[in-house]
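Each chain, letter by letter, is given below.
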Amino acid sequence: MELERRQAWALSRSSRKRKGLPDWGTDITNPDFTALAEACGALGISVTDPGDLDAALQQAFDAHRPVVVNVSVDPDALIMPPKIELSQAMKFGMAKIREAFGA
């Protein structure tokens, strides 16, 4: 199993911004999935540097037992739709303005 750890409800955040709504209530605190995997008898592997991902996945495939690969990613990285409409860009801008002014 591979987990993507964003520390936020990124899809909800992105959806709210596309609608012109400010980011609110999307930050979360994740448990330590690596420790949780170990507590359940699986191998837990944490990846914080993208350069370490290949080695971590190879270690997971070589383990021959249940494995959780916990991958930390940037919660603010944009999830880009295949096509961006002008209205989406305008609403995204409005969401950023509202966030800045706390509206």
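Our subject is the structure that appears above.
Residues numbered from 1 in each chain as written. Predicted model: local features only at pLDDT ≥ 70, side-chain atom pairs only at ≥ 80, totals over all residues. Heavy atoms only, no water.

A. Molecular detail of the environment of V68. Mapped onto the secondary structure, V68 falls in strand β3 (residues 67-72). As a C-alpha pair, V68 and A35 span 33 residues in sequence and 9.7 Å in three-dimensional space. (Helix = DSSP H or I, 4+ residues; strand = E, 2+ residues; numbered from the N terminus.)

B. Structural context of the pattern of salt bridges. Scanning the model with the defined rule gives two salt bridges in all. For the salt bridge of K83 with E85, the shortest nitrogen-to-oxygen distance reads 3.7 Å. In this structure, the salt-bridge partner of K96 is E99, at a minimum N-O distance of 3.6 Å. Placement of the pair is K96 and E99 together in helix α4 (residues 86-101), with a separation of three residues, close to one helical turn. For K96, a relative accessible area of 38% corresponds to the partly exposed category. (Salt bridge = Lys/Arg side-chain N within 4 Å of Asp/Glu carboxyl O. Buried < 20%, exposed > 50% of the residue type's maximum accessible area, 1.4 Å probe, protein only.)

C. Region of interest: the environment of A89. Positionally, A89 belongs in helix α4. A relative accessible area of 42% places A89 in the partly exposed class. C-alpha separation for the pair A89 and R18, spaced 71 residues apart in sequence, amounts to 7.3 Å.

Note that all results are geometric; they support no functional claim without further evidence.
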